[in-house]
Structure formats: C-alpha cells, structure tokens
Amino acid sequence: MKKTILPLSLITTGILLSDSGFESSLHETAQGWVGNDFRTHIDDYTRYAPVATLFIANVVGVKAKNHWFD
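Residues numbered from 1 in each chain as written. Predicted model: local features only at pLDDT ≥ 70, side-chain atom pairs only at ≥ 80, totals over all residues. Heavy atoms only, no water.

Peer 1: Looking at this structure, I do not really get unusual backbone geometry. What am I missing?
Peer 2: Trans peptide bonds make up most of the peptide bonds, and negative phi angles are found at most residues other than glycine. Notably, Asp19 is not glycine yet its phi reads approximately 60°, a positive angle. Within the secondary structure layout, Asp19 lies in the loop between helix 1 (2-17) and helix 2 (21-34). Classification of Asp19 by relative accessible area gives exposed; the value is 71%. (Helix = DSSP H or I, 4+ residues; strand = E, 2+ residues; numbered from the N terminus. Buried < 20%, exposed > 50% of the residue type's maximum accessible area, 1.4 Å probe, protein only.)

Peer 1: Explain the confidence of the model for the protein to me, please; I cannot follow it from the model alone.
Peer 2: Averaged over the protein, the pLDDT score is 87; the fraction of residues at 70 or greater is 96%. No element of the protein has a lower mean pLDDT than helix 2, at 88, and none a higher one than helix 1, at 93. (pLDDT = per-residue confidence, 0-100.)

Peer 1: Please explain helix 4 (residues 49-60) as it appears in this structure.
Peer 2: An α-helix turns once per 3.6 residues; consequently, residues spaced three or four apart project the same way. An ideal rise of 1.5 Å per residue puts 16 Å on 12 residues; helix 4 measures up with 16 Å between its terminal C-alpha atoms. The element helix 4 is barely covered by neighbouring structure, given that only zero of its 12 residues are classed as buried. Once helix 4 ends, the next one or two residues include Gly61, with phi positive near 100°. (Expected span 1.5 Å × (residues − 1).)

The following block contains the structure:
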C-alpha cells in the first residue's frame, strides 16, 4: 500500500491540473521565458539512454537482479 501512495498522488495531481488555468499560465510563462523558436535535440539522444545504461552497468560490473532472457 505504501508503494502506491506516491504514484497515485502524482497521477491524481496530473489529472486535476490537466486543462486547468494553472497549466495554461505555466505554459505561457515558460514559452515567454524560452521564446517561441526554442528547439533542442536532446530527444535525439535520450531514446538510447536505457540501452546505454545496460551496457555501462555491464562494463562496470553491476550484477542484474533479472536477465532479459528469463
């Protein structure tokens, strides 16, 4: 039960704030701060993060609790 408190509270907060005035205000403030032409290419590389984590952990010698073939 204790493990579900944080995820459920985050999900509930997200649902309550969705399409709210606070969300619109936050979006407008952030857009005004970074500008309308803000672009980043970080998403081009973050999709490889899980695989890179597996390989780096293997090289460092971290023992996995489970194996992907199990």
